[in-house]
Amino acid sequence: MVHSSPNITLEEGAAPLLRWYDACRRPFPWRETNDPYAVWISEVMLQQTQAARGVEYHRRWMRIFPTLRSLAEAEDDDVLKAWEGLGYYSRARNLLRAARLLQARGLATLPASFEELRALPGIGPYTAAAVASIAFGLPVPALDANGKRVFSRLLDLEEPVDRRAGEKSVLRAFVQMLPADRPGDFNSAIMELGATLCAPTSTLCGECPLEFLCLARLRGSALERPVLSRQTKSESLEGILAVFVSGDRVFLRRRPPAGLWANFEEFPWSAPPAEQESPLTELARRSNADCDGEVRCSFTKWRLRLAVRIVRLHAPGDLENMNGRWASPSELAAATLPAGSRKMRERLFGEGTIPPPPPS
DNA sequence: GTCCAGTCGT
DNA sequence: ACGACTGGAC
């Protein structure tokens, strides 16, 4: 049954989730122990390895280096040998560095606080929270990619989870559901859910213990979550933005009926190869008008810095063959413009280059 | 070939 | 905030 009550809160998810985890969790060796050292090793290994593949490495590692002390006293080469095949060897080196650091401080085990764990080499927010909760029972959320996926679906979150706002939303929900009595099992259960039922490109919602409070399930949007912000690298371009002025009117060109910003009006601009030079921008470039600051804007993958040229024409007819119009101040104010031109319009009105029309 | 994952270095 | 690391999944 989906959403039998309109007043379901996230807290109600913890108990069913833990019941499901108790019944269905996969029996990994690191789940048989609360030894902080064993938990730490497993979390670092699992950062880049599927759990099934990590099992043998973890068993072997615990046989060769069964305690924090044995690791701290090990030879570099032996440690790297035990890691061989897992890749990301800096993580093995960080394990060793951390073990020796603790040994040098006279500590026989890992510190039982999120902040102290977080300060060790190779331990970031995720690993610190995982060890703190699983080994020490501290109520901190261990948020990894699984958790981001699960909670972005529970909330049907449209914010990108790889941006600050989206991650904050996810963490808020996570902490709200996190039970004080079994935080470690809860963190493991969220990750187990993401690894088995709530996978990136397939879901088994019918078996999910949180189906009853999942908004994405309700709306059929599970596979659209999580939303990620654009990862494509942006490219910086320099170009020109032309403001033709005649009296109190400015020239707005109309964009072609297809493609980027189809049919929009805007100040003529160019920034090859994102936007080719046009007769208008060439005219502005060749005019002796001084540059008057710049406008920055970005779209798709481009980041633009456009040098502003204000070109005063005494005979507006010079542009009569161009596709566009001479806009009065009120027409300019009413026009629908893309972001860059909008910034330019604000500046023209703000600096009094064009008299701002009275507010309608 | 492209995307993804925690942490570190910049 | 962004790329490097590195191997696996797709």
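Our structure's up above, just so we're on the same page.
Residues numbered from 1 in each chain as written. Chains lettered and ligands numbered in written order. Predicted model: local features only at pLDDT ≥ 70, side-chain atom pairs only at ≥ 80, totals over all residues. Heavy atoms only, no water.

Points about the overall build of chain A
Step number 1: The helix and strand tally for chain A stands at 15 helices and seven strands.
Step number 2: For chain A, buried positions account for 47% of its 360 residues.
Step number 3: Considering only contacts within chain A whose residues lie at least 6 apart along the sequence, 66% involve residues at least 24 apart.
Step number 4: As displayed, chain A has an accessible area near 18700 Å², and 50% of this comes from carbon and sulfur atoms. (Helix = DSSP H or I, 4+ residues; strand = E, 2+ residues; numbered from the N terminus. Buried < 20%, exposed > 50% of the residue type's maximum accessible area, 1.4 Å probe, protein only. Contact = heavy atoms within 4.5 Å. Areas by Shrake-Rupley, 256 points an atom, 1.4 Å probe, with all protein chains shown as cover.)

Topic: the protein's contact with DNA strand B
Step number 1: The environment of DNA strand B is made up of 14 residues, and the closest members are Tyr-88, Arg-91, Gly-122, Gly-124 and Thr-127.
Step number 2: Those atoms of DNA strand B that come within 4 Å of the protein belong to sugar or phosphate at a rate of 74%.
Step number 3: At 2.5 Å from a base nitrogen of DNA strand B is found a side-chain nitrogen or oxygen belonging to Arg-91.
Step number 4: At 2.7 Å, a side-chain N or O of Thr-127 approaches a phosphate oxygen of DNA strand B.
Step number 5: The element contributing the most residues to the surface near DNA strand B is helix α8 (residues 125–136), with three residues.
Step number 6: A breakdown of the residues in the surface near DNA strand B according to their chemical character gives eight nonpolar, three polar and three charged. (Near = heavy atom within 4 Å. Polar contact = N/O pair within 3.5 Å; in protein donor to acceptor, adjacent residues only side chain to side chain. Nonpolar A, V, L, I, M, F, W, Y, C, P; charged D, E, K, R; others polar.)

Describing empty space enclosed by the protein
Step number 1: Tallied over the entire structure, the rule returns two cavities of 30 Å³ or more.
Step number 2: In this structure, the largest cavity encloses a volume near 120 Å³.
Step number 3: The wall of the largest cavity is formed by 15 residues, among which Arg-153, Cys-198, Cys-205, Cys-208 and Cys-214 lie closest to the centre.
Step number 4: Here the element with the most residues in the lining of the largest cavity is helix α9 (residues 145–154); it accounts for three residues.
Step number 5: Residues belonging to the lining of the largest cavity are distributed by class as follows: eleven nonpolar, one polar and three charged.
Step number 6: Forming the walls of the second largest cavity are twelve residues, and the residues nearest its centre are Trp-261, Trp-269, Cys-297, Gly-340 and Ser-341.
Step number 7: For the lining of the second largest cavity, the elements supplying multiple residues, two or more each, are β5 (291–299), β6 (302–312) and α15 (339–351). (1 Å grid on protein atoms, 1.4 Å probe; cavity = no way out; pocket = protein on both sides within 12 Å on 5 of 7 lines; lining within 4 Å. Points joined across faces, edges and corners; volume = space filled by probe spheres on them.)

Digging into the pattern of salt bridges
Step number 1: Counted under the stated rule, the structure contains 20 salt bridges.
Step number 2: Its salt-bridge partner being Arg-325, residue Glu-265 comes within 2.7 Å of it at the nearest N-O pair. Of this pair, Glu-265 sits in strand β3 (residues 265–266) while Arg-325 sits in strand β7 (residues 324–327), and the two are 60 residues apart along the sequence.
Step number 3: A relative accessible area of 29% means that Arg-325 is categorised as partly exposed.
Step number 4: Three or more residues are tied together by salt bridges with common partners; here these are Asp-22, Arg-182 and Asp-185. (Salt bridge = Lys/Arg side-chain N within 4 Å of Asp/Glu carboxyl O.)

A word on helix α5 (residues 76–83)
Step number 1: Looking only at α5, the buried set comprises Val-79, Ala-82 and Trp-83. One face of α5 carries all of its buried residues, which in axial projection span an arc of 100 degrees. Turned more than 90 degrees off the buried face of α5, the exposed positions are Asp-77 and Lys-81.
Step number 2: In this fold, the buried residues of α5 make contact with α2 (36–46), α3 (51–64), α4 (68–72) and α6 (89–104). (Arc of directions from axis to C-beta.)

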